[in-house]
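# Survey of secondary and tertiary structure
Chain residues, written in single-letter form:
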Amino acid sequence: DITFRPCGPALITAAIQGNADTVDVCEGSTDEFTFNGSLSVGYTQPVYQWQVSTNAGASWADISGANSINYLRKPTVAGNYWYRLAVTEQSAISFTACRIASDIVAVNVHAKPQVNAGPDKVIFRGDSVTLNGTVDTDVPVYYWNPTLYLNNASLLTPSASPASDMTYTLFG
């Protein structure tokens, strides 16, 4: 019998320091994340290379200069970023097929929402009006401020019955 195996020990893991394996942030966030790799025993001269995929793992690109067991990820523009650590032995460095990849860690950078509270409205005291808010984002999270005199501040189109002049602002 002949048995084939990868060019190094198989167990390689990656983690985002202090976080789960997936992190969600908003565009413009200045958060930096440290990725920590670990590998099983058996490597004598491991060579590290962090990689990124922006197409859900269909292809991977080496990150220039990311050649240690840890990697500091800097802020980026909106998008879904998958990361992994690829490791090989120094003696097999010229054979990319001999790289063993870790599990995936992900950073999802959500675009800033486009928020619009709708046109200004004028009503008579005692009347009500429907506000016409819109939010354009992949994860709509929004709130009205103030919430006074709104029938349901969690709706984009709440009914407002203010007792006096009131300015409502929609935040996203």
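Up top you'll find the structure we're talking about.
Heads up: these notes are all about the structure in this document. (Residues numbered from 1 in each chain as written. Predicted model: local features only at pLDDT ≥ 70, side-chain atom pairs only at ≥ 80, totals over all residues. Heavy atoms only, no water.)

## Some details on the overall build of the protein chain
Using the following cut-off: Per the convention used, a helix needs a DSSP run of H or I reaching at least four residues, while a strand needs a run of E reaching at least two, with both numbered from the N terminus. Two things to know: the radius of gyration comes from C-alpha atoms, and the globule rule equals 2.2 Å times the number of residues to the power 0.38. Buried residues are those whose accessible area, probed at 1.4 Å on protein chains only, stays under 20% of the maximum for their type, while exposed residues exceed 50% and partly exposed ones sit between those limits. Whether two residues touch is decided by their heavy atoms; if any such pair falls within 4.5 Å, the residues are in contact. Charge assignment in this entry is limited to Lys and Arg as positive and Asp and Glu as negative, and neither His nor the chain termini are counted. We put the charge of a Lys on NZ, of an Arg on CZ, of an Asp on CG and of a Glu on CD.
Looking only at helices and strands, the protein chain has zero helices and 15 strands in total. The C-alpha atoms of the protein chain give a radius of gyration of 25 Å, which is well past the 16 Å a tight globule of 172 residues would have. With the principal axes as the frame, the protein chain shows a C-alpha extent of 85 × 35 × 20 Å. Considering the protein chain as a whole, with its 172 residues, one finds that 30% of them fall into the buried category. Once local pairs closer than 6 in sequence are excluded, the contacts in the protein chain between residues at least 24 apart make up 60%. Within the protein chain, the 14 negative side-chain charges are centred at a point lying 3 Å from the centre of the 8 positive side-chain charges.

## Things to note about the sheet that holds strand 3 (residues 33-39)
Here is the rule we go by: In short, DSSP must find at least two bridges between two strands for them to pair. In this description, a line fitted to the C-alpha atoms serves as the axis of each element, helices being fitted only across the stretch in contact, and the angle between N-to-C directions of two axes falls anywhere from 0 to 180 degrees.
An order of 1-3-6 is seen for the three strands of this open sheet, with the pairing classed as antiparallel. Two strands bound the open sheet, and with one partner strand each, they are strand 1 (12-16) and strand 6 (70-73). This sheet shows a mean twist of 20 degrees between the axes of neighbouring strands, independent of strand direction. Strand direction decides the pairing type here: strand 3 and strand 6, joined by four bridges, are antiparallel. Considered in strand 6, the bridge of Phe 35 is made with Tyr 71.

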